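Fold and geometry: a report
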Amino acid sequence: MTAPSPQSASVPVERLVVVGSGGRPYREYSFQSLQARYTLSAVLSAEPTWQRQYLDSYIVADLSDPLAIADAVLSLAGPGNPSVAVLTWDETAVEATAEAAAKLGLPQLSAEAARHCRDKYATRSLMSEAGLGAVRHRLVTDAGQAVAAADEFGYPVVLKPRALAGSIGVTRADDESQVREAFALADGAAFATLPTGHGILVEEFLDGPEISIDSAVHDGAVHIVHIARKRLGFTPYFEEVGHLVAASYDEPWTDEVRALVTGAHRVLGVTTGVTHAEVRLTSRGPRLIELNARLGGDLIPFISSFATGIDLVRAAAELSFGRLPDLTPTRDLTAEIRFVYSDTDGHARALDLTAAAAVPGIAHTAVLAESGDRLLLPPRQAIPRLAALVAVGPDEGACGQALDRAEAVVDRTTDPLPKTEADA
């Protein structure tokens, strides 16, 4: 652990302890935002590298152990410091952080609510029991059970791991052979330290486009900040290849979506924090896919700030201190992120995004794969992205045009894999 730095009159006195980190291209903006307002500490699973410049202090601990997290927070807070809060956006640490906060008496969602959100089977079961946008589903443990469920529901169906993230291991299946393949994929999927081996969900297929909804929740009141359109690719897999956030929507489904998302928070017991819900706009009305008790990933809060002017990271921190943040939009724009993938499996080359960044309308670019990284197209690898491009403009069309021009000047070529790797 590094020793806390001496405080001066100009340094914020409120200490925020972040549990977990995430990768630099996806989460550095969060550290930058928080450092400007709070004295920032962290509980990390390994020694910090790029995070160090934003931290006043840190402790390395087991992020699956609520007691270890609680002890670390107490140590980082220092004696007699009442102005401390704890926050995580790390999916692998959501439950343990909630338990740690409860032990410390700090504002946070309950451990039970965290479990309800983390466990997709629990989410589905509780929503069905409440009669809220019920989706036919079944938890199975072998391929034969999966086929039986699919035969009962009717094709197509979707198979997914019970407790992963980022659409990893999620597949549409149109017949029995595809169900068996999808079961094997979901059963073998893994992400960081999230649990596997607890069963696979078979669900009826939900038609229609997919959106996500980010909300700030204070004392049980759900304040929707934005609605994003999700871009999916690599069918039949549900790879998230981009997201679009507009400052406002005037759609026929808006009221139904708001009611569904608000009801989901109530049913799952989420009463505080920033959340990220995913919803399908089906022919039978909106249906919840999942409610995540954390900030959205894929830089969605980052692009939201371009569109709305609202800093969701700062909002999450304020809620961690028990305060309702200012959620007044200060911008009325559209922002879209597009992830660039290689055309084939291969090893990434050094990527120069200078030309892409110079395209009018492009507000941000980021290299996501370092030179030499092995990239296998979905479903063989989780999130094998080369780069991220963010466009900001008055509407969806302007963003799309800027992204098309920027992507056209990105070299997506990779070096071929040796035969031993290609066959693995």
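In case you missed it, the structure is sitting above this.
Attention here is on the structure that accompanies the text.

Parameters at a glance
Residues numbered from 1 in each chain as written. Predicted model: local features only at pLDDT ≥ 70, side-chain atom pairs only at ≥ 80, totals over all residues. Heavy atoms only, no water. Helix = DSSP H or I, 4+ residues; strand = E, 2+ residues; numbered from the N terminus. Rg over C-alpha atoms; globule rule 2.2 N^0.38 Å. Buried < 20%, exposed > 50% of the residue type's maximum accessible area, 1.4 Å probe, protein only. Contact = heavy atoms within 4.5 Å. Areas by Shrake-Rupley, 256 points an atom, 1.4 Å probe, with all protein chains shown as cover. Pairing = 2+ DSSP bridges. Axes fitted to C-alpha atoms, helices over the stretch in contact; angles between N-to-C directions. Phe/Tyr/Trp six-rings, centres within 6.5 Å; stacked < 30°, edge-to-face > 60°.

What follows deals with the overall build of the chain. The helix and strand inventory of the chain stands at 13 helices and 18 strands. Computed over C-alpha atoms, the radius of gyration of the chain comes to 21 Å, within 12% of the 22 Å expected from 2.2 N^0.38 for 424 residues, which places it in the range of a compact globule. Considering only C-alpha atoms, the chain reaches an extent of 65 × 50 × 50 Å along its principal axes. Split into buried and exposed, the 424 residues of the chain put 55% on the buried side. Excluding contacts between residues fewer than 6 apart, the proportion of contacts in the chain whose partners are at least 24 apart in sequence is 67%. Accessible surface, the chain as shown: approximately 17,200 Å² in total, 51% of it carbon and sulfur.

Right, let's talk about the environment of isoleucine 168 for a bit. Position of isoleucine 168 relative to the elements: it lies in the loop between β6 (157-161) and β7 (171-173). In this structure, the C-alpha to C-alpha distance between isoleucine 168 and aspartate 56, residues 112 residues apart in sequence, is 34 Å.

Glancing now at the sheet that holds strand β2 (residues 39-44). Strand order in the open sheet formed by 4 strands is β3-β2-β1-β4, with parallel pairing between adjacent strands. With one partner strand each, in any of the chains shown, β3 (57-60) and β4 (84-87) form the two edges of the open sheet. If you compare each strand with its neighbour and ignore which way they point, the axes differ by 20° on average. Contacts from helix α10 (residues 312-320) reach β1 (15-19) and β4 within the one sheet, and its direction differs from that of β4 by about 125°.

As a further point, take the packing of aromatic side chains. On inspection of all chains with the given rule, the structure shows 8 aromatic pairs. Relative to phenylalanine 302, the ring of tyrosine 29 has its centre 5.2 Å away and its plane inclined at 50°; by these criteria the two rings are tilted. Note that tyrosine 29 is positioned in helix α1 (residues 24-35) and phenylalanine 302 in helix α9 (residues 300-308), a separation of 273 residues in sequence. Look at phenylalanine 302 and you get buried, because its relative accessible area is 15%. Put simply, the rings of Phe31, Trp50, Tyr54 and Trp89 touch in pairs and so form one group of aromatic residues.

So, to be careful, I would describe these as geometric facts and stop short of saying anything about function.
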